[in-house]
Amino acid sequence: MTDDALFLPIGIDACQLAPESAGAGPLLCLVEVRASSAESRVVDLYLLRPDGRALVTCQGLRLRPASRERLQAAMVPLGLSNLLALEWVEEPLTAATGATACDWILIEGERRTGRLVADALQDSGAAVACVAATDRLASVNDFGAALAEATRARTPGHTLRVVVMFDPADASPLQLESACRRLITIAQSLAGARLAGSVRLIVATGPAESATTDALDQGTKVSTALGLVRVLRMEYPQWSCAFVHLGSSVGASHMAVALAAASEGAEVATAYRGDRRHVLRLLPLKRATPRAPLRIPQGKTVLITGGNRGLGLHAAAWLVEQGAKHLALMSRGGERPEHRLQLASWRARGVSVTTLAVDVCDAQAVAGAIRTIDASGAPLGGIIHSAGVVHDGLLAKMSLEDFHRVADPKIRGAWNLCQATREHELDFIVFYSSISSLLGPPGQAGYAAANGYLDGLAHELALAGIPAMSINWGPWSEIGMAGRLDPVDRDRMRAAGLKFISPQEGDRLLAIC
């Protein structure tokens, strides 16, 4: 370790505090290095009294190197250096240790690609029980019975590795939501089965139908599945849930290696193309050319869903300050009495403000609203999709209604907006996503999956040349969903390391995104 090296803690196995106080006098710090590489350190740390007795014992403290430049950049005022993006980063392909004796269960997806994966595992010598994707496997009891049948031949003492193929027939909301519901049902069945011994859960996508669709992207299928996987890791840490994308160019032998490595490794997400392995990393945003500020040309309308409260109404206020002259605020309830004075003040400044009582989940109503905007003389020029609902609940108790209540405004809403504007040349589409899709907080499976969908849809639209982006907002301090939290929940989030975004900071970030 050089004098310039900085290492930040990222995890710990155990920490013990002595019951008595430290008392007076200096304390000594002893560090024993258990493992060391260029990418990480694992140490045991002891805080000792002068007589050698331990006051604090930290075992398995995991550290990763950090550059001084990155840390200094994080301390400067808000700017481009504060923006991060997920990227696939290639890492060496390493085989699993094979030290763990295991049996496999593979649950097929809608496209039946799981059969290819099962064959690859069997060719590697693994014992695999397949559960076919049939219409009868629609409830927790159905999956529970199928799991019981599949585990009947399980070898005592072997780790059980359960592979769930997240492979919807297409990327439509109907199919993606169906795949999410199915994964939730499988998780509930697995939890209810109370299987003896160690269990590992792997969620896999692919292989793609052809090499042309095998790009290492972050589209809706991958991002939606990842949102759920991250919550599964938090709510069921004993499963060490991991996500794997298997490309069509991945050979059978590498499929088996990929799944085994996922079940033994610490990575949340890996992707394979041919014999190359990639992992997801959150890295500084890269832009080849600076992007113009988010502004609307005169004579066009900006549509804001969820626009009559919270972040949507705040976005409208920001746009007014940027010179927007035509706004359409869409929400299920329409104009709210408490905001009439604010809307009147904008109109007094010459801003045309239209309020639309439309449910963004209603495709026909959304299409009709956009036709109305286009016929107003100020056609649609941009969209901010900020509609959303939070309804927290652990996966073990989540009903399908709970999932749809949270997922539909974001998933179906975004889909409806895109379908209704296929013939438009928009200046921008901005999806208000959430950091939940990256962190997977417990109790927010539907919310994390839905925001993951927004992230993936923005990625797909951008690849198609449409100016779309998704912003994974953290909690705001005064407005939005987090603004309505009680002080206890706010303190809990701060203790978890989340910084609240002030409205002024949010405005500056929106301006540079």
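Owing to the predicted nature of the structure, the values given are computational and were not obtained by experimental measurement.

1. Structural notes on the overall build of the chain
Helix and strand counts for the chain come out as 15 helices and 19 strands. Looking at the chain as shown, the accessible area adds up to about 24,400 Å², and 54% of this sits on carbon and sulfur atoms.

2. Here's the deal with empty space enclosed by the protein
Throughout the structure, instances matching the rule amount to three cavities of 30 Å³ or more. A volume near 40 Å³ is recorded for the largest cavity. As for the largest cavity, its lining consists of Gly109, Glu110, Met165, Phe166, Asp167, Pro168, Ala179 and Arg182.

3. Description of helix α7 (residues 310-321)
Between its first and last C-alpha, α7 extends 17 Å over twelve residues, near the 16 Å set by a 1.5 Å rise per residue. Among the twelve residues in α7, ten count as buried, and that is most of the element. Positive backbone phi, approximately 105°, marks Gly323, located one or two places after α7.

4. Remarks on the packing of helix α2 (residues 114-123) against helix α6 (residues 252-264)
Any two packed helices are characterised by the angle at which their axes cross and by the distance between the axes. Their axes nearest at 8 Å, the elements α2 and α6 cross at an angle of 85°. Comparing the axis directions of α2 and α6 gives the class roughly perpendicular. Contacts from Leu116, Val117, Ala120 and Leu121 of α2 reach α6 at Ala252, Met255, Ala256 and Leu259. Tallied by class, the residues present in the contact of α2 with α6 amount to eight nonpolar, no polar and no charged.

5. Here we look at the pairing of strand β10 (residues 199-205)
Of all seven residues in β10, six are buried; the element is thus mostly enclosed. As defined by bridge partners, strand β9 (residues 159-165) adjoins β10 across six bridges and the pair is classed as parallel. Across the sheet, the residue bridging to Val162 is Leu201, located in β10. Once you follow β9 into helix α4 (residues 173-193) and on to β10, the crossover reads as right-handed. Pairing analysis gives four bridges linking β10 to strand β11 (residues 242-246), with the strands arranged parallel. Among the inter-strand pairings, Ala204 is bridged to a residue of β11, identified as Val244.

6. Considerations on unusual backbone geometry
The residue Ser240 is not glycine, and still its phi comes out positive at about 45°. Position of Ser240 relative to the elements: it lies in the loop between α5 (220-235) and β11.

7. Digging into the environment of Thr159
Relative to the helices and strands, Thr159 resides in strand β9. Spatially, the C-alpha atom of Thr159 lies 6.2 Å from that of Ala101, the residues being 58 residues apart in sequence.

8. Looking at the pattern of salt bridges
Following the criterion strictly, the structure yields 15 salt bridges and no others. Salt-bridge contacts for Asp44 lead to Arg34; the nearest nitrogen and oxygen are separated by 2.9 Å. You can see Asp44 sitting in strand β4 (residues 41-48) and its partner Arg34 sitting in strand β3 (residues 28-36), a full ten residues away along the chain. On the accessibility criterion, Asp44 (10% relative accessible area) is buried. For Asp51, the salt bridge is made with Arg53, and the minimal N-O distance between the two is 2.7 Å. By relative accessible area, which is 44% here, Arg53 ends up partly exposed. Shared partners join several salt bridges into a network, and the residues in it are Glu91, Glu267, Arg277 and Arg281.

9. Observations regarding the sheet that holds strand β12 (residues 269-273)
The eight strands lie next to each other as β6-β13-β12-β11-β10-β9-β7-β8, forming an open sheet whose pairing is mixed. With one partner strand each, in any of the chains shown, β6 (84-91) and β8 (128-131) form the two edges of the open sheet. Recorded for the sheet is a direction-independent mean angle of 25° between the axes of neighbouring strands. Summarising the sheet, β12 and strand β13 (residues 276-284) pair through four bridges and their orientation is antiparallel.

10. Let's talk about the sheet that holds strand β18 (residues 428-434)
Across the sheet, which stays open at both edges, the six strands sit in the order β16-β15-β14-β17-β18-β19 with parallel pairing between neighbours. Bordering the open sheet on either side are β16 (352-357) and β19 (468-473), each of which pairs with just one other strand. In this sheet, adjacent strand axes meet at a mean angle of 15° when their direction is disregarded. Bridging between strand β14 (residues 301-305) and strand β15 (residues 326-331) involves four bridges; their strand directions are parallel.

11. Some words on the nonpolar core
Within the largest apolar cluster, 72 residues are counted, with the highest numbers of intra-cluster contacts made by Ile107, Leu232, Leu303 and Phe431. Per-element accounting of this core gives the leading share, nine residues, to helix α12 (residues 445-463). Contacts of Phe431, omitting those with residues within four sequence positions, involve His385, Ala414, Cys418, Leu454, Leu457, Ala458, Leu461, Met469, Ser470 and Ile471. Formed by 32 residues, the second largest nonpolar core is a distinct cluster that contains Val302, Trp318, Leu327 and Cys513.

12. Observations concerning the side chain of His385
Mapped onto the fold, His385 is located in strand β17 (residues 380-385). By relative accessible area, which is 0% here, His385 ends up buried. In this structure the side chain of His385 is engaged in a polar contact, spanning 2.6 Å, whose partner is the side chain of Thr305. In this structure, His385 is in contact with Thr305, Val360, Pro409, Lys410, Gly413, Ala414, Leu417, Val430, Phe431, Tyr432 and Leu454, ignoring residues within four places of it in sequence.

13. A closer look at the packing of helix α9 (residues 363-374) against helix α10 (residues 400-420)
As a packed pair, α9 and α10 sit with axes 9 Å apart at the nearest point and diverge in direction by 45°. The orientation of α9 relative to α10 falls into the category oblique. Here the hand of the crossing between α9 and α10 comes out right-handed. The residues of α10 that touch α9, namely those facing Ala363, Val366, Ala367 and Ile370, are Asn416, Leu417 and Ala420. Residue classes in the contact of α9 with α10 are distributed as six nonpolar, one polar and no charged.

Conventions we followed
- Residues numbered from 1 in each chain as written.
- Predicted model: local features only at pLDDT ≥ 70, side-chain atom pairs only at ≥ 80, totals over all residues.
- Heavy atoms only, no water.
- Helix = DSSP H or I, 4+ residues; strand = E, 2+ residues; numbered from the N terminus.
- Areas by Shrake-Rupley, 256 points an atom, 1.4 Å probe, with all protein chains shown as cover.
- 1 Å grid on protein atoms, 1.4 Å probe; cavity = no way out; pocket = protein on both sides within 12 Å on 5 of 7 lines; lining within 4 Å.
- Points joined across faces, edges and corners; volume = space filled by probe spheres on them.
- Expected span 1.5 Å × (residues − 1).
- Buried < 20%, exposed > 50% of the residue type's maximum accessible area, 1.4 Å probe, protein only.
- Axes fitted to C-alpha atoms, helices over the stretch in contact; angles between N-to-C directions.
- Parallel < 35°, antiparallel > 145°, perpendicular 65-115°, else oblique.
- Contact = heavy atoms within 4.5 Å.
- Nonpolar A, V, L, I, M, F, W, Y, C, P; charged D, E, K, R; others polar.
- Pairing = 2+ DSSP bridges.
- Right-handed = clockwise from strand over helix to strand, strands pointing away.
- Salt bridge = Lys/Arg side-chain N within 4 Å of Asp/Glu carboxyl O.
- Core = buried A, V, L, I, M, F, W, Y, C linked by side-chain atoms within 4.5 Å.
- Polar contact = N/O pair within 3.5 Å; in protein donor to acceptor, adjacent residues only side chain to side chain.
- Left-handed = near helix turned anticlockwise from the far one by under 90°.

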